[in-house]
Amino acid sequence: MEEFWLKPDYEVISGSHLYGVNDESSDLDIRGFVVEPIEYALGLKKFEQYEPKGEDRVIYGLKKFLQLLTTGNCQCLEILMASKIKFATVVGMEVALNVNLFVSKSYYRSIKGFAFAEWRRVRGTMLAPVEQRKSEYDIINEVCSGLSMKSYDRDKIMGIFSEIGFPLQQEIKNPNIESRREAEIEKYGYNLKTGYNTIRLLSQGIELLTCGSMTFPRPEADLLKQIRAGQISLSELTQYHDKLEKEMDLAYEQSSLPETADFNRINDLYIKIIKETI
């Protein structure tokens, strides 16, 4: 089947139009997925996604789409929870109606990680290693010895240090920042788009962990528009950020969502769909 990706099974309007912060200059972002033909689903041919040049459009192959959802990809989850559905087949709706299979606490780490990266870009900074007088091994050894840890505990400590990006890092000005973003930071104290993105992501994460869903357009759309227009100071933005970050941590601790996506049922759903479309 030639160019099957041009006939997706599910397409939604995404980006600023979905969040409720679009204006006359906003591009129209389209996201969706398509069920691969049998030679891709069961054969050796491979299709992951279609991104035509010059268009803000991404169409995922169903297998890739489901894999991304099980690993906590928030942008893919937004597709299934989007309010502006552009087109949907029966198969597409079947996947969307099973959105609860993918909702889990694993989205906490991915959403917070994305928000953390955006927050660094808000101020035009990046993380750089801090020069250490002692080696990582010597420092970890001293920590473990001081806590009287056994050898296997030392391995755990090594893993923790690795996860948090040891050696220690400090925030410095990003030398590769675009001139447009740098001008925005000089004028407003922060980059507008990444500022509103950070607040949006944390707000969505709190709602997802608390309710198992995300509302679109976003309930905080008016605030996001103010941030995007530079009407919120860096001090106010920082207060919003710090408050939401704490609320998201608490939402994670109190969340009743499952720890991970229901992989077995998702796998069964994929097999069922492929059998029905062969």
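None of these values were measured; they are calculated from a predicted model.

**A short note on the side chain of Ser16**
Right, so step 1: Position of Ser16 among the secondary structure elements: in helix α1 (residues 15-19).
Right, so step 2: Not counting the four nearest positions on each side in its chain, Ser16 is found in contact with Val21, Asn22, Ser26, Asp27, Asp29, Tyr196 and Arg228.

**Examining the packing of aromatic side chains**
Right, so step 1: Per the stated rule, a full pass over the model turns up 10 aromatic pairs.
Right, so step 2: With 5.0 Å between their ring centres and 55° between their planes, Phe4 and Tyr40 make a pair best called tilted. You can see Phe4 sitting in the segment before β1 (10-14) and its partner Tyr40 sitting in helix α2 (residues 38-41), a full 36 residues away along the chain. For the residue pair Phe4 and Tyr40, the accessibility class agrees, reading buried in each case.
Right, so step 3: Among the aromatic residues, ring-to-ring pairing joins Phe4, Trp5, Tyr40, Phe47 and Tyr50 into one connected group.

**Digging into the sheet that holds β1**
Each strand in a sheet pairs with its neighbour through backbone hydrogen bonds, running either in the same direction (parallel) or in the opposite one (antiparallel).
Right, so step 1: An order of β3-β4-β2-β1-β5 is seen for the five strands of this open sheet, with the pairing classed as mixed. The sheet is open, and its two edges are formed by β3 (49-50) and β5 (85-88), each paired on a single side.
Right, so step 2: Note: strand β2 (residues 29-34) against strand β4 (residues 57-61), five bridges, orientation parallel. Following the sheet pairing, Phe33 is matched in β4 by Tyr60.
Right, so step 3: Most of the contacts of helix α3 (residues 62-70) go to β4, to which it runs at about 95°, and overall it touches β2 and β4.

**Considerations on helix α10 (residues 192-211)**
Right, so step 1: The end-to-end C-alpha distance of α10, which contains 20 residues, comes to 28 Å, matching closely the 28 Å that a straight helix rising 1.5 Å per residue would cover.
Right, so step 2: Within α10, 17 of the 20 residues are buried, leaving the element largely enclosed by the surrounding structure.
Right, so step 3: At the C-terminal side of α10, Gly212 shows a positive phi close to 80°.

**Some details on helix α6 (residues 107-122)**
Right, so step 1: The terminal C-alpha atoms of α6, which comprises 16 residues, lie 22 Å apart, in line with the 22 Å expected from a rise of 1.5 Å per residue.
Right, so step 2: Where α6 is buried, its residues touch α3, α4 (74-81), α9 (179-188), α10 and α12 (234-254).
Right, so step 3: Once α6 ends, the next one or two residues include Gly124, with phi positive near 70°.

**Here we look at the confidence of the model for the protein**
Right, so step 1: Confidence in the prediction for the protein averages 88 pLDDT; 82% of positions are at 70 or higher.
Right, so step 2: Within the protein, the element-level pLDDT minimum falls on helix α8 (residues 151-163), averaging 55, and the maximum on β1, averaging 98.

**Overview of unusual backbone geometry**
Right, so step 1: Cis peptide bonds are those with omega within 30 degrees of zero, and the linkage from Phe216 to Pro217 qualifies with -5°.
Right, so step 2: Secondary-structure assignment places Pro217 in the loop between α10 and α11 (221-228).

Rules used in this analysis
Residues numbered from 1 in each chain as written. Predicted model: local features only at pLDDT ≥ 70, side-chain atom pairs only at ≥ 80, totals over all residues. Heavy atoms only, no water. Helix = DSSP H or I, 4+ residues; strand = E, 2+ residues; numbered from the N terminus. Contact = heavy atoms within 4.5 Å. Phe/Tyr/Trp six-rings, centres within 6.5 Å; stacked < 30°, edge-to-face > 60°. Buried < 20%, exposed > 50% of the residue type's maximum accessible area, 1.4 Å probe, protein only. Pairing = 2+ DSSP bridges. Axes fitted to C-alpha atoms, helices over the stretch in contact; angles between N-to-C directions. Expected span 1.5 Å × (residues − 1). pLDDT = per-residue confidence, 0-100.

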